[in-house]
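Topology and contacts: notes
One letter stands for each residue in the lines below.
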Amino acid sequence: MKLPPPGTELHQLMTRFPRAGTVEWIGLRPARDVPMREVDAAAATAGGGLSGDRYGGGSGKRGITLIQAEHLPAIAALAGHAAIAPATLRRNLVVSGIALAALRGQRFRIGEVLLEGTDSCDPCSRMEAALGPGGYNAMRGMGGLCARILEGGRLRLGDRVEWVDA
């Protein structure tokens, strides 16, 4: 979503965040249909993805995928589970404390890495197998955010997630 002109009330509202977010979990998908690999840090390549991830060589708007930590309990409850491990949802990063939906179309920084939110990360049909019948619908609206990597670097657990003024 493009920002309204600077100086407008809507621009101010859309660029004001109560606090920075935090990276809570990092995972890599080495290949299709294989378990994710949980890591403490990952190398992000500009115009590409994360080293060791199946999309590491680049995949346009899906260079990296993020999901909101606060949504995991809601998805679990809707799918009829007590809890869900982050790897089950196959997103690269789990972040807390910042609304990912507000970063769509915006630039933001995670540690050394500059990203641009490109689109919502909608669930795929694999969520039926991962979460059980209705898993796809349990995740709708809470699938997270896809982002393009503009400047590479290292992502680490505990890194801050902050909106950047373009």
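Our structure's up above, just so we're on the same page.
Owing to the predicted nature of the structure, the values given are computational and were not obtained by experimental measurement. (Residues numbered from 1 in each chain as written. Predicted model: local features only at pLDDT ≥ 70, side-chain atom pairs only at ≥ 80, totals over all residues. Heavy atoms only, no water.)

A short note on the overall build of the protein
Note the cut-off: Under the scheme used here, helices are H or I runs from DSSP no shorter than 4 residues and strands are E runs no shorter than 2 residues, and both carry numbers assigned from the N terminus. Each radius of gyration reported is based on C-alpha atoms, and the globular scaling rule is 2.2 Å times the count of residues to the power 0.38.
Looking only at helices and strands, one finds 4 helices and 10 strands in the protein. Counting helices and strands in the order they occur from the N terminus, the protein gives α-β-β-β-β-α-β-β-β-α-α-β-β-β. For a compact globule of 166 residues, the expected C-alpha radius of gyration is about 15 Å, and the protein comes in at 15 Å, within 12% of that figure. Overall size of the protein, expressed as C-alpha extent along the three principal axes, is 50 × 30 × 25 Å.

Considerations on the pattern of salt bridges
Inclusion rule: For salt bridges, the criterion is a side-chain nitrogen of Lys or Arg within 4 Å of an Asp or Glu carboxyl oxygen. Using a 1.4 Å probe on the protein chains alone, a residue whose accessible area is under 20% of its type maximum counts as buried, one over 50% counts as exposed, and one in between counts as partly exposed.
Following the criterion strictly, the structure yields 8 salt bridges and no others. Ionic pairing is found between aspartate 119 and arginine 104, a salt bridge with its closest N-O pair at 3.0 Å. Linking aspartate 119 in strand E7 (residues 113-120) with arginine 104 in the loop between strand E5 (93-96) and strand E6 (107-110), this pair joins segments that are 15 residues apart in sequence. In this structure arginine 104 comes out as partly exposed when scored by relative accessible area, which is 39%. Each of Arg32, Asp33 and Arg126 takes part in one network of salt bridges that share partners.

Thoughts on unusual backbone geometry
Positioned with a positive phi, aspartate 33 is a non-glycine residue whose angle comes to about 60°. Checked against the element boundaries, aspartate 33 lands in the loop between strand E1 (21-28) and strand E2 (37-39). We note that arginine 90 has phi near 60°; this positive angle belongs to a residue other than glycine. Structurally, arginine 90 is set in the loop between helix H2 (72-79) and E5. Under the relative-accessibility criterion, arginine 90 is labelled buried at 11%.

A closer look at the side chain of aspartate 159
Our working rule: As used throughout, the charge tally considers Lys and Arg to be positive and Asp and Glu to be negative, leaving His and the chain termini uncounted. Note on definitions: a residue-residue contact is assigned when non-hydrogen atoms from the two residues lie within 4.5 Å.
By secondary structure assignment, the location of aspartate 159 is in the loop between strand E9 (153-156) and strand E10 (160-164). We note that aspartate 159 is buried and unpaired, the nearest opposite charge coming from arginine 156 at a distance of 4.9 Å. In this structure, aspartate 159 is in contact with Gly21, Thr22, Val23, Ile110, Gly111 and Arg154, ignoring residues within four places of it in sequence.

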